[in-house]
Amino acid sequence: MAVFWSTEVIPLGITSLIPIVLIPMFGIMTTEKVALQYMKDTTILFVGGLMVAIAIEEWNLHKRIALKVLLYVGVRPAWLIMGLMGVTAFLSMWISNTATTAMMVPIAQAVLDQLSLSEDRFDETSQEELQTKQSLNLLPDEIPVLKMFPGNSHKTACKTSDNEKATRERRNLYKLVTLCICYSASIGGTATLTGTGPNLVLEGQFNQLFPENGGVITFSSWFVYAFPNMLIMLFLCWIWLQIYFLGFNFKILWGCGSVKTWKEIAAYQVIKEEYKKLGKMSFAEILVLILFIFLVLLWFTRNPGFMPGWATVIFGKSKKYISDGTTVMFIALLMYILPSKRPRLESLFKDKSSTEQHIQGPSTLLDWEVVQHKLPWNVMLLLGGGFALAKSCEASGLSKWLGNQLNPLKTIPHWGIVIILCLLISIFTEFTSNTATATLFLPILASLAVKLKINPLYVMIPCTVTASFSFMLPVATPPNAIVFTYGHLTVMDMVKAGFVMNLVGVVCVTLSVNTWGWMFFNMDQFPAWANTTNL
């Protein structure tokens, strides 16, 4: 399966069905037990989260949020990049990285095109003014008109060099903006449990391998660890990409003075016009926003840890029956019920006998045909195949055997083990699906942790986050492929910029798991729930 997932000789979803055939044939588990792995609570959480995300996309709420933020931050390069990265990261926390990138790149492209167009018009206007002034003898004869006498003046040659430099800087700005979007989409998805596939794989496999863990991994606990790490990564990415593509040119990055140039005003106008096209917030948008905020609050307050959550208050001892999947599915069901148009009271009192024509009611916030088309069913099968594979490794004793083979790592400090594993995964994830990478490695990492008598989360969490850091190749992840198709980037641009970002990611997750992650998850001790003989 690892070879098939890596090479994609057949679709990922079909590869994920192999355990249903081979595991029963080898007498490891019955077909019934294998099939149960394909619809676990984590899968329900994934489906419900995607349904909410589809509703946000369907009613353009994500585009309104993005344009509104860009109107606040402005169009000066440093602030524009910060705004694009912040919005992209925030949206990818809730909707797919691919959808976020596909929406943000055209917006950024329109703004950059307007900046370039305004700059070209400014250059043409300057040339016309110089020609006019020289024809009126307002300029000395030794000052040549731009582009009138190429090669006849040292100043003209200098101006040509300046134009080449400006063109190069403009091209690098395009590269910077497109890369910052796909990188921030990958980084932002790590902040929430539902933001990207590897996080859900961790939650599902961790609960499967250590069923008595007491609900350590929840939406709120993951957010407490991953969100600060995401902010640090986003900031370092912002700094690195600016340095790499534009150097320390503060004039380009930050602008001069507080007065905006007219080309910046023109680019700002593009964003403003795009926002105006959306019109006023519709009833459906408002309703989806309210439900989304309500969902996030329910996730955070279900079991916050430092105080009794709503599940404890309402259901008491039965709180263990309520999960994050239950919560998100409740909101998703409401979206299939609530109308997308404001109901009118007069329609309720119409005389039905006066007309034979059937009056169709307003559509709901979510439509099954839309969901059926947009839901990535292959990822659902990929999650299920991963759970089946992990369960079979446990049942067959393979996990225990692999753990024994990793005994030499006992001589290495624990933080060194994390660095080595994260580097390995950061390389592997460049060539295969992020979700598949996490699926393959997490059972092995769990076995390693049990063998070394360290908290399994100490190695599983940083490696899960690292699985989402596919920065070097266009084929590594869909957001990279999307920005690459716009033609501004070369493969070497992505390799050089992405190599540093991979190293930054490994360093960040290692530091985070050894600081606030260490304290929050009590990683200084080997927990009782990890003391199992199955691994």
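Scroll up a little and you will see the structure.
Fair warning: this is a prediction, and the values are worked out from it, not measured in the lab.

### Focus on the overall build of the protein chain
Looking only at helices and strands, the protein chain features 25 helices and 0 strands. Expressed as a percentage of its 535 residues, the buried residues of the protein chain come to 49%. Taking the contacts inside the protein chain whose residues are at least 6 apart along the sequence as the reference set, 80% of them involve residues at least 24 apart. Total accessible area on the protein chain is roughly 25,900 Å²; 65% of this is exposed by carbon and sulfur atoms.

### Concerning a positive patch on the surface
A grouping of Lys 400, Lys 410, Lys 451 and Lys 453 is seen on the molecular surface, where their side chains present a positively charged patch. On the secondary structure map, Lys 410 appears in the loop between helix H19 (398-405) and helix H20 (414-428).

### With respect to the layout of surface pockets
Any empty space left between the atoms is revealed when a probe the size of a water molecule rolls over them. One number sums up the size of the second largest pocket: a volume of about 900 Å³. If you go around the second largest pocket, you meet 37 residues; those closest to its centre are Ser 96, Thr 98, Val 379, Thr 435 and Pro 478. Looking at the lining of the second largest pocket, the elements with two or more residues in it are helix H5 (41-58), helix H8 (97-135), helix H10 (197-209), helix H18 (377-396), helix H21 (434-452) and helix H23 (478-484). Among the elements that make up the lining of the second largest pocket, the one with the highest residue count is H5 (7 residues). The residue makeup of the lining of the second largest pocket, split by class, is 19 nonpolar, 14 polar and 4 charged.

### Observations concerning the packing of aromatic side chains
Under the definition given, this model contains 21 aromatic pairs. Measuring from ring centre to ring centre gives 5.1 Å for Trp 94 and Phe 292, while their planes differ by 85°; the resulting arrangement is edge-to-face. With Trp 94 in the loop between helix H7 (77-92) and H8 and Phe 292 in helix H14 (residues 283-302), the pair connects residues that are 198 residues apart, well separated along the chain. Considering the side-chain rings of Phe 223 and Phe 300, the 4.9 Å spacing of their centres and the 85° angle between planes classify their relative orientation as edge-to-face. On the criterion of sequence distance, the pair formed by Phe 223 in helix H11 (residues 219-246) and Phe 300 in helix H14 is long-range, its members being 77 residues apart. Among the aromatic residues, ring-to-ring pairing joins Phe 90, Trp 94, Phe 219, Phe 223, Phe 227, Phe 292, Trp 299 and Phe 300 into one connected group. Arg 64 extends its terminal NZ or CZ atom over the ring of Tyr 275, reaching a point 5.7 Å from the ring centre.

### Quick notes on H18
The end-to-end C-alpha distance of H18, which contains 20 residues, comes to 28 Å, matching closely the 28 Å that a straight helix rising 1.5 Å per residue would cover. Here H18 has its buried residues at Met 380, Leu 382, Leu 383, Gly 384, Gly 385, Gly 386, Phe 387, Ala 388, Ala 390, Ser 392, Cys 393 and Glu 394. At the C-terminal side of H18, Gly 397 shows a positive phi close to 90°.

### Topic: the environment of Lys 280
Mapped onto the secondary structure, Lys 280 falls in the loop between helix H13 (262-277) and H14. On the basis of relative accessibility, which here comes to 79%, the residue Lys 280 falls in the exposed class. In this structure the C-alpha to C-alpha distance between Lys 280 and Arg 64, which are 216 residues apart in sequence, comes to 10.0 Å. Those residues in contact with Lys 280 that sit more than four places away from it in its chain are Arg 64 and Glu 285.

### Section: H10
When the terminal C-alpha atoms of H10 are compared, their 18 Å separation across 13 residues agrees well with the 18 Å that a helix rising 1.5 Å per residue should span. The buried fraction of H10 is high, at 12 of 13 residues. Listed in full, the buried residues belonging to H10 are Gly 197, Pro 198, Asn 199, Leu 200, Val 201, Leu 202, Glu 203, Gly 204, Gln 205, Phe 206, Gln 208 and Leu 209. Those residues of H10 hidden inside the fold are in contact with H5, H11, H18, H21 and helix H22 (456-466).

### Let's talk about the pattern of salt bridges
Within this structure, the stated rule accounts for 6 salt bridges. Measuring nitrogen to oxygen at the nearest pair gives 3.0 Å for the salt bridge that ties Lys 175 to Asp 493. Of this pair, Lys 175 sits in helix H9 (residues 154-188) while Asp 493 sits in helix H24 (residues 491-513); the two residues are 318 residues apart in sequence, bridging distant segments of the chain.

### Points about the packing of H20 against H24
Look at H20 against H24: their axes get within 10 Å of each other, and the N-to-C directions meet at 145°. For H20 against H24, the interelement crossing comes out right-handed. Between H20, through Trp 415, Val 418, Ile 419, Cys 422, Leu 423 and Ser 426, and H24, the contact on the second element is made entirely by Asn 502, Leu 503, Val 506, Val 509 and Thr 510. Residue composition of the contact of H20 with H24, by class: 8 nonpolar, 3 polar and no charged.

### A look at the packing of H10 against H21
A pair of packed helices is characterised by two quantities: the angle between their axes and the separation of those axes. Where H10 contacts H21, the axes come no closer than 9 Å and their chain directions differ by 30°. For the element pair H10 / H21, the angle class is roughly parallel. Considering only the axes of H10 and H21, their crossing is right-handed. The residues of H21 that touch H10, namely those facing Gly 197, Pro 198, Val 201, Leu 202, Gln 205 and Leu 209, are Asn 434, Thr 435, Ala 438, Thr 439, Leu 442, Pro 443 and Ala 446. Each residue belonging to the contact of H10 with H21 can be placed in one class, and the counts come to 8 nonpolar, 5 polar and no charged.

### Observations regarding unusual backbone geometry
Even without being glycine, Asn 60 reaches a positive phi, approximately 60°. One can find Asn 60 in the loop between H5 and helix H6 (61-73). Of note, Lys 453 is a non-glycine position whose phi angle comes to about 60°, a positive value. With respect to the element layout, Lys 453 can be found in the loop between H21 and H22. With a relative accessible area of 48%, Lys 453 lands in the partly exposed category.

### Topic: the side chain of Asn 455
Counting through the fold element by element, Asn 455 comes out in the loop between H21 and H22. On the basis of relative accessibility, which here comes to 2%, the residue Asn 455 falls in the buried class. For Asn 455, the side chain forms a polar contact with the main-chain nitrogen of Leu 457, separated by 3.0 Å. Every residue in contact with Asn 455, bar those within four places of it in the chain, is listed here: Ala 449, Phe 521, Asn 522, Met 523, Gln 525, Phe 526, Pro 527 and Trp 529.

### Things to note about a nonpolar patch on the surface
A contiguous nonpolar patch, built from Val 21, Leu 22, Met 25, Phe 26 and Ile 28 and spanning about 520 Å² of accessible area, is present on the exposed surface. According to the relative accessible area criterion, Met 25 is exposed, its value standing at 63%.

The rules behind these values
Residues numbered from 1 in each chain as written. Predicted model: local features only at pLDDT ≥ 70, side-chain atom pairs only at ≥ 80, totals over all residues. Heavy atoms only, no water. Helix = DSSP H or I, 4+ residues; strand = E, 2+ residues; numbered from the N terminus. Buried < 20%, exposed > 50% of the residue type's maximum accessible area, 1.4 Å probe, protein only. Contact = heavy atoms within 4.5 Å. Areas by Shrake-Rupley, 256 points an atom, 1.4 Å probe, with all protein chains shown as cover. Patch = residues over 30% accessible without salt bridge, like charges linked within 9 Å, V, L, I, M, F, W, Y side chains within 5 Å. Salt bridge = Lys/Arg side-chain N within 4 Å of Asp/Glu carboxyl O. Lys, Arg positive; Asp, Glu negative; His and termini not counted. Charge placed at Lys NZ, Arg CZ, Asp CG, Glu CD. 1 Å grid on protein atoms, 1.4 Å probe; cavity = no way out; pocket = protein on both sides within 12 Å on 5 of 7 lines; lining within 4 Å. Points joined across faces, edges and corners; volume = space filled by probe spheres on them. Nonpolar A, V, L, I, M, F, W, Y, C, P; charged D, E, K, R; others polar. Phe/Tyr/Trp six-rings, centres within 6.5 Å; stacked < 30°, edge-to-face > 60°. Lys NZ or Arg CZ within 6 Å of the ring centre and 35° of its normal. Expected span 1.5 Å × (residues − 1). Axes fitted to C-alpha atoms, helices over the stretch in contact; angles between N-to-C directions. Left-handed = near helix turned anticlockwise from the far one by under 90°. Parallel < 35°, antiparallel > 145°, perpendicular 65-115°, else oblique. Polar contact = N/O pair within 3.5 Å; in protein donor to acceptor, adjacent residues only side chain to side chain.

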